[in-house]
Amino acid sequence: MKRYVVSKNSLLLEYLYEVMDAPKKKVKQYLVHGSVYVDNTRTTQYDYPLQPGMMITIQSKEKSNLPFSVLYEDDYIIVVDKPSGLLTVATAKEKENTLYHMVGEYLKAKKRGSKVFILHRLDKETSGIVILAKDQKTQKKFQEQWDQYASIREYKAIVEGVPKKKEARLCHYLKETSTHLVYVAKEGKEAITSYKVDKSKNGFSALTIFIETGRKNQIRVQLAHIGNPIFGDKKYQKKTEGKRLYLHASRLKIFHPMLGKVMTFCSDTPKEFQKVMH
């Protein structure tokens, strides 16, 4: 990881050419691959306007031996792009093939004695952004006010059918059975999910989703409840089967309490989503 404090007004790519000791082609690749952050917000914009005092961070993904991308890393947190099909944490049946274990081993390889702590989770079948803490103090700080610190939690999804409303805010109460199946009830834990239809084609709809609460399976349960289950969801619908669960955590805007800064992390929508809607 490299950091540069901007010393003059300039455009991002031009400034990187000046300050980085690397071939221009290599510098451009950092931008194209989403490895450049300006004041902790990722950008791929060549002509991003810079002002003195701004902080540029270059996150190189080349040294990672993880089977997925590291989107950001500092002394307190590590942000990764979880693939579909990978557990976030261990279960009684699976201990090592988890995001938690892999990130832990990755950090230990870099620095002996390193540890990792869970801040939040994604379902095994859901892909996208996950943040983990490097110490218990950071974990506690984040978890104490997670709903306030995580101001934008955006997902991309493909659902079956076309929702009756192009945009809606879904408010339901959720309960869980003894077999861990979540369902909508008259009372329980409140779940709030908003969606917007981006495109409908061939009996499917692409949605942008925002959640205000982080209940277990809430997006999957609430969309299935209104008659538009997530494509490929084997748990909450049985109409059709996709190659995966078409749900992806695409953007996460947080307040970083240890740095005192607002940060935005982004993950590109997987290519298989585009193929379904093509």
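Residues numbered from 1 in each chain as written. Predicted model: local features only at pLDDT ≥ 70, side-chain atom pairs only at ≥ 80, totals over all residues. Heavy atoms only, no water.

A short note on the overall build of the protein chain
Counting secondary structure elements, the protein chain contains seven helices and 17 strands. By the compact-globule yardstick of 19 Å for 278 residues, the protein chain fits well, its C-alpha radius of gyration being 20 Å. For the protein chain, the C-alpha atoms occupy an extent of roughly 60 × 45 × 30 Å along the three principal directions. In the protein chain, buried positions account for 48% of the 278 residues. Within the protein chain, contacts between residues separated by at least 24 positions form 61% of all contacts whose residues are at least 6 apart in sequence. Accessible area of the protein chain: about 15,000 Å², with a carbon and sulfur share of 49%. (Helix = DSSP H or I, 4+ residues; strand = E, 2+ residues; numbered from the N terminus. Rg over C-alpha atoms; globule rule 2.2 N^0.38 Å. Buried < 20%, exposed > 50% of the residue type's maximum accessible area, 1.4 Å probe, protein only. Contact = heavy atoms within 4.5 Å. Areas by Shrake-Rupley, 256 points an atom, 1.4 Å probe, with all protein chains shown as cover.)

Quick look at the packing of aromatic side chains
For any pair of aromatic rings, geometry is given as the distance between the ring centres together with the angle between the planes. Per the stated rule, a full pass over the model turns up nine aromatic pairs. With 6.3 Å between their ring centres and 85° between their planes, Phe142 and Tyr149 make a pair best called edge-to-face. Ring centres of Phe231 and Tyr246 lie 4.9 Å apart, and the angle between their planes is 25°; this geometry places the pair in the stacked category. With Phe231 in the loop between helix H6 (218-225) and strand E16 (247-256) and Tyr246 in the loop between H6 and E16, this pair connects stretches of sequence that are 15 residues apart. Residue classification places Tyr246 among the buried positions, given a relative accessible area of 4%. An aromatic cluster is present here, built from Phe142, Trp146, Tyr149 and Phe255 joined pairwise through their rings. The ring of Tyr17 has Lys24 sitting right over it, with the charged end atom 4.9 Å from the ring centre. One cation-aromatic arrangement involves Lys26 over Tyr30; the distance from NZ or CZ to the ring centre is 5.7 Å. (Phe/Tyr/Trp six-rings, centres within 6.5 Å; stacked < 30°, edge-to-face > 60°. Lys NZ or Arg CZ within 6 Å of the ring centre and 35° of its normal.)

Considerations on the environment of Glu212
Mapped onto the fold, Glu212 is located in the loop between strand E15 (204-211) and H6. In this structure, Glu212 is in contact with Asp147, Arg153, Arg169, Ile192 and Ser194, ignoring residues within four places of it in sequence. Among the polar contacts made by the side chain of Glu212, one reaches the side chain of Arg169 at a distance of 2.8 Å. (Polar contact = N/O pair within 3.5 Å; in protein donor to acceptor, adjacent residues only side chain to side chain.)

Considerations on H6
With six of its eight residues buried, H6 lies for the most part within the structure. By the burial criterion, the buried members of H6 are Gln218, Ile219, Arg220, Val221, Gln222 and Leu223. The inward-facing, buried residues of H6 abut strand E11 (150-160), strand E12 (167-176), strand E13 (182-185), strand E14 (189-201), E15 and E16. Of the residues one or two after H6, Gly227 is the one with positive phi, at around 95°.

Side note on the environment of Thr44
With respect to the helices, strands and loops of the structure, Thr44 is situated in the loop between strand E4 (41-42) and strand E5 (49-50). On the basis of relative accessible area, Thr44 is assigned to the partly exposed category, the value being 47%. Between the C-alpha atom of Thr44 and that of Lys28, which follows or precedes it by 16 residues, the distance is 9.3 Å. If near-sequence neighbours (up to four positions away) are discounted, Thr44 is found in contact with Leu31, Val32 and Gly34.

With respect to the environment of Val197
As for its placement among the helices and strands, Val197 is situated in strand E14. Using a relative accessible area of 13% as the deciding quantity, one classes Val197 as buried. Taking the C-alpha atoms as reference points, Val197 and Glu167, 30 residues apart in sequence, are found 6.4 Å from one another. Residues in contact with Val197, not counting those within four places in the same chain, are Pro163, Lys165, Lys166, Ser205, Ala206 and Leu207.

Description of the nonpolar core
In this structure, Val80, Val103, Leu132, Ile209, Leu223 and Ile230 are the most contacted members of the largest nonpolar core, which totals 40 residues. Take this core: its biggest share by element is five residues, from E15. Ignoring sequence-local partners within four residues, the contact set of Val103 consists of Leu66, Phe68, Ile78, Val80, Val116 and Leu132. Leu119, Ile129, Ala133 and Ile254 belong to the second-largest nonpolar core, a separate cluster that totals 18 residues. (Core = buried A, V, L, I, M, F, W, Y, C linked by side-chain atoms within 4.5 Å.)

A short note on the pattern of salt bridges
All told, the structure shown has 15 salt bridges when counted by the stated rule. Between Lys134 and Glu73 there is a salt bridge, with the nearest N and O atoms lying 2.8 Å from each other. Taken as a pair, Lys134 in the loop between strand E10 (127-133) and helix H4 (136-144) and Glu73 in strand E7 (residues 70-73) lie far apart in primary sequence, 61 residues in all. According to the relative accessible area criterion, Glu73 is buried, its value standing at 9%. Each of Asp123, Glu125, Arg220 and Asp233 takes part in salt bridges that share partners, so that together they form one network. (Salt bridge = Lys/Arg side-chain N within 4 Å of Asp/Glu carboxyl O.)

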